[in-house]
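Residue-level structural notes
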Amino acid sequence: MSIKCMKCNRDAIIFQKYSGMHICKRHFIEDVERKVKLTIRKQYKIEKGDIIAVALSGGKDSVVLLYLLHKVFGVRRDIEIVAITIDEGIAGYREETLEKARKLTSELGIRHIVRSFKDEYDKTLDELTAQERKLGACSYCGVLRKSLLNKIANEIGATKLATGHNLDDEAQTIMMNHLGGDVDRMIRLSPPRAIEGLVLRAKPLRKVPEKEVALYAIVNELPFDMSECPYAHEALRGEVRDMVNEFESRHPGTKYSIMRGFDKTVGIIAKEYPQTELSKCRVCGETCTASLCQACKLLGRS
Ligand code: SF4
Ligand code: ZN
């Protein structure tokens, strides 16, 4: 006998250990969408005239993010959604995800901007990491992609920059910042405030567990790429992910409580903690915390 949805008696497709609920496809979709709408309403206040830039890699998180934002705001003529894909130049990997990203934007009729590290920085990520072995690929990739996303978002006049971070990503990052005692980063993770030159970040999926983002993509038959980046072995995050997952399985709801605790305290910490002064990078003009931005530093520009 199949297990039934606790809301409507149809066949359940998932058991949410943290809520104690078995739910069917319809109620699962409803639940994910409710969480996302609530997050947007409470934290990101999308308003008339907003241009929402969406970082679209073609993986499940960003595909679900774009689909959901289009579902919620697609009918609004006073809000524009633009997808941005960064092609870092990772041989054998990015081509596939790029194809999925193109498929989704053309299906949804969403403007899609694709820009590459090669065009922007003269080198692909593969070339950069082969030439400079001091840092791992992810250090280059993360900094340069963030910088390029912000630059493009500014160019198109975007008022928000949405990324597909899910609950697992958020809980892991919060724990990593705690383990590293990194208060600066902790504050930067906090609910966004407007800073000139930096497009406001939004993470509408931050209350949806990773497993549910994947299931949402599957039940809605969204085109997404499941392959993993060949560089993906950031050691500390892997250990923290295992630790958080272990806690979650023994104490369901841990990921939510890590996030809730953080959301409640970060504002208080930020008030007491000296804020870093912001300036413009002397080479590229991007907003940053030193005279030279991280991206230019990594690229050896001076
Ligand atoms: Fe970039 Fe690292 Fe992510 Fe690969 S795993 S896309 S190198 S940040
Ligand atoms: Zn149901």
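Owing to the predicted nature of the structure, the values given are computational and were not obtained by experimental measurement. (Residues numbered from 1 in each chain as written. Chains lettered and ligands numbered in written order. Predicted model: local features only at pLDDT ≥ 70, side-chain atom pairs only at ≥ 80, totals over all residues. Heavy atoms only, no water.)

Here the focus is the overall build of the chain. The secondary structure content of the chain amounts to 12 helices and nine strands. The globule rule puts the C-alpha radius of gyration for 302 residues at 19 Å, and the 20 Å found for the chain is close to it. Its C-alpha atoms give the chain principal-axis dimensions of about 65 × 45 × 40 Å. Expressed as a percentage of its 302 residues, the buried residues of the chain come to 46%. Approximately 16000 Å² of the chain is accessible, and the part contributed by carbon and sulfur atoms is 52%. Considering the chain, the positive charge centre built from 50 side chains and the negative charge centre built from 42 side chains are found 5 Å apart. (Helix = DSSP H or I, 4+ residues; strand = E, 2+ residues; numbered from the N terminus. Rg over C-alpha atoms; globule rule 2.2 N^0.38 Å. Buried < 20%, exposed > 50% of the residue type's maximum accessible area, 1.4 Å probe, protein only. Areas by Shrake-Rupley, 256 points an atom, 1.4 Å probe, with all protein chains shown as cover. Lys, Arg positive; Asp, Glu negative; His and termini not counted. Charge placed at Lys NZ, Arg CZ, Asp CG, Glu CD.)

A few words now on the nonpolar core. Phe-28, Ile-52, Leu-66 and Leu-69 are the most contacted members of the largest nonpolar core, which has 40 residues in total. Only β2 (21-24), α1 (25-44), β3 (51-55), α2 (60-73), β4 (80-87), α3 (94-108) and α9 (210-219) provide two or more residues apiece to this core. Examining the composition of this core, we find that eight residues originate from one element, α2, more than from any other. Ile-52 has contacts with Ile-46, Leu-69, Phe-73, Ile-79, Glu-80, Ile-81, Val-82, Lys-160 and Ala-162, leaving out every residue within four places of it along the chain. With 33 residues, the next largest nonpolar core counts Val-82, Ile-90, Ala-153 and Ala-295 among its residues. (Core = buried A, V, L, I, M, F, W, Y, C linked by side-chain atoms within 4.5 Å. Contact = heavy atoms within 4.5 Å.)

In this section: the site of ligand 1. As a matter of local geometry, ligand 1 sits amid Leu-125, Cys-138, Cys-141, Arg-145, Cys-229, Tyr-231 and Ala-232. When residues in the shell around ligand 1 are grouped by element, the largest group, three residues, is from helix α6 (residues 137-155). (Near = heavy atom within 4 Å.)

This part covers the packing of α1 against α2. Between α1 and α2, whose axes approach to 11 Å, the crossing angle comes to 75°. Here α1 is positioned roughly perpendicular relative to α2, judged by the angle of their axes. For the pair formed by α1 and α2, the contact residues are Ile-29, Val-32, Glu-33, Val-36, Lys-37 and Ile-40 on the first element and Leu-68, Leu-69, Lys-71, Val-72 and Phe-73 on the second. Across the contact of α1 with α2, the residue classes tally to eight nonpolar, no polar and three charged. (Axes fitted to C-alpha atoms, helices over the stretch in contact; angles between N-to-C directions. Parallel < 35°, antiparallel > 145°, perpendicular 65-115°, else oblique. Nonpolar A, V, L, I, M, F, W, Y, C, P; charged D, E, K, R; others polar.)

Let us now look at the packing of aromatic side chains. The tally for this structure, following the rule as stated, stands at three aromatic pairs. One cation-aromatic arrangement involves Arg-250 over Phe-247; the distance from NZ or CZ to the ring centre is 5.7 Å. (Phe/Tyr/Trp six-rings, centres within 6.5 Å; stacked < 30°, edge-to-face > 60°. Lys NZ or Arg CZ within 6 Å of the ring centre and 35° of its normal.)

Now for the pairing of strand β5 (residues 111-116). With six bridges joining them, β4 and β5 adopt parallel strand pairing. Residue pairing for β5: Ile-84 is matched across the bridge by Ile-113. Between β4 and its parallel partner β5, the chain crosses via α3, and the hand of that crossover is right-handed. (Pairing = 2+ DSSP bridges. Right-handed = clockwise from strand over helix to strand, strands pointing away.)

The zinc ion (ligand 2) binds to the protein through Cys-5 (SG), Cys-8 (SG), Cys-24 (SG) and His-27 (ND1); the donor distances cover 2.0 to 2.3 Å. Of note, the zinc ion (ligand 2) draws all its donor residues from one chain, in the sequence arrangement C-x2-C-x15-C-x2-H. Of this pair, Cys-8 sits in the segment before β1 (12-16) while Cys-24 sits in strand β2, placing them 16 residues apart in sequence. A relative accessible area of 27% places Cys-8 in the partly exposed class. Cys-24 gets classed as buried once you look at its relative accessible area, which sits at 1%. (Donors = N, O, S within 2.8 Å, 3.2 Å for Na, K, Ca; no water.)

A word on the side chain of Lys-35. Here Lys-35 shows up in helix α1. Taking relative accessible area as the criterion, Lys-35 reaches 9% and is therefore assigned buried. Separated by 2.9 Å, the side chains of Lys-35 and Asp-31 make a polar contact. Setting aside its immediate chain neighbours within four residues, Lys-35 contacts Gln-16, Tyr-18, Lys-207, Val-208, Glu-212 and Tyr-256. (Polar contact = N/O pair within 3.5 Å; in protein donor to acceptor, adjacent residues only side chain to side chain.)

Within the UniProt annotation, "binding site: Zn(2+) 2" (unreviewed entry) is assigned to Cys-281, Cys-284, Cys-293 and Cys-296. Judged by maximum C-alpha separation, these annotated positions cover 16 residues in sequence but sit close together in space, the widest gap being only 8.2 Å. Take Cys-281: it is sitting in the loop between β8 (279-280) and β9 (287-288). The class for Cys-281 is buried, based on a relative accessible area of 4%. For Cys-281, the contacting residues outside a window of four places in its chain are Glu-286, Cys-288, Ser-291, Leu-292, Cys-293 and Cys-296. Positionally, Cys-284 belongs in the loop between β8 and β9. Here Cys-284 falls in the partly exposed class, since its relative accessible area comes to 35%. Residue contacts for Cys-284: discarding those within four places in its chain leaves Cys-293, Cys-296 and Arg-301. (UniProt positions renumbered as here; feature names shortened; annotations may be inferred.)

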